[in-house]
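Residue-level structural notes
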Amino acid sequence: MALNPNLQRLREAGVSIWLDTLSRELLETGGFAGLIRDYGVTGATSNPTIFAQAITGSDRYDAQLRELVAGGEQDQQELFFSLALDDVRAAARLLRPAFAASGGGDGFISFECTPTCAA
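Below or above, wherever it landed, is the structure these notes cover. Nothing here was measured: the structure is a model prediction, and the numbers come from that model. (Residues numbered from 1 in each chain as written. Predicted model: local features only at pLDDT ≥ 70, side-chain atom pairs only at ≥ 80, totals over all residues. Heavy atoms only, no water.)

Quick look at the side chain of threonine 42 now. As for its placement among the helices and strands, threonine 42 is situated in strand β2 (residues 41-46). Residue class for threonine 42 comes out buried when judged on its relative accessible area of 5%. Contact partners of threonine 42, with chain neighbours within four places excluded, come to Arg11, Ser16, Ile17, Trp18, Leu95, Ala98, Asp106, Gly107 and Phe108. (Helix = DSSP H or I, 4+ residues; strand = E, 2+ residues; numbered from the N terminus. Buried < 20%, exposed > 50% of the residue type's maximum accessible area, 1.4 Å probe, protein only. Contact = heavy atoms within 4.5 Å.)

Have a look at this one:
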């Protein structure tokens, strides 16, 4: 599929196309890879609220969550970050070619920290 002409013009003007969400479902179904391939997405951003909705609205995190708890992790923030950062890492692997092709100028994942991390 050829890139949408409007998106192509934006890319030619130096605009990076970023997705403002990230979830395990988007990653596991190939949706994120498709957006990279078909729409020229070269980055993504997410935040605790988006991830919390993804985690509570899907069973795709359940097995990992059970494994973490069975391993002794009880801290809710640590559990949350374990789940969310696995998705960030998976998305970053998919964006690695964009990072390489841009000489490190693109291909990033932005993850907003919770306020307690900023303290």
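There is more to say after this.
So, about the nonpolar core. One finds Leu22, Phe32, Phe51, Phe80, Ile109 and Phe111 to be the most contacted residues of the largest nonpolar core, which totals 22 residues. Mapped by element, the contributors of at least two residues to this core are β1 (17-19), α2 (24-28), β2, α4 (48-56), α6 (76-101) and β3 (108-111). Element by element, the count of residues in this core is highest for α6, at 7 residues. Residues contacting phenylalanine 51, with those up to four places away along its chain left out, are Leu22, Ser46, Tyr61, Phe80, Ala84, Asp87, Val88 and Phe111. (Core = buried A, V, L, I, M, F, W, Y, C linked by side-chain atoms within 4.5 Å.)

Below, the discussion takes up the sheet that holds β1. In spatial order, the strands read β1-β2-β3; together these 3 strands make up an open sheet with parallel pairing. The open sheet has two free edges, formed respectively by β1 and β3, since each of these has just one partner strand. Within this sheet the neighbouring strands show an average axis-to-axis angle of 25 degrees, counted without direction. As paired strands, β2 and β3 are joined by 4 bridges and run parallel to one another. The residue of β3 that forms the bridge with glycine 43 is phenylalanine 108. (Pairing = 2+ DSSP bridges. Axes fitted to C-alpha atoms, helices over the stretch in contact; angles between N-to-C directions.)

Next up on the list: the environment of arginine 60. Topologically, arginine 60 is positioned in the loop between α4 and α5 (62-70). Sequence separation between arginine 60 and alanine 33 is 27 residues, and the spatial gap between their C-alpha atoms is 18 Å. In this structure arginine 60 touches Arg24, Glu25, Glu28 and Thr29, once residues within four positions along its chain are discounted.

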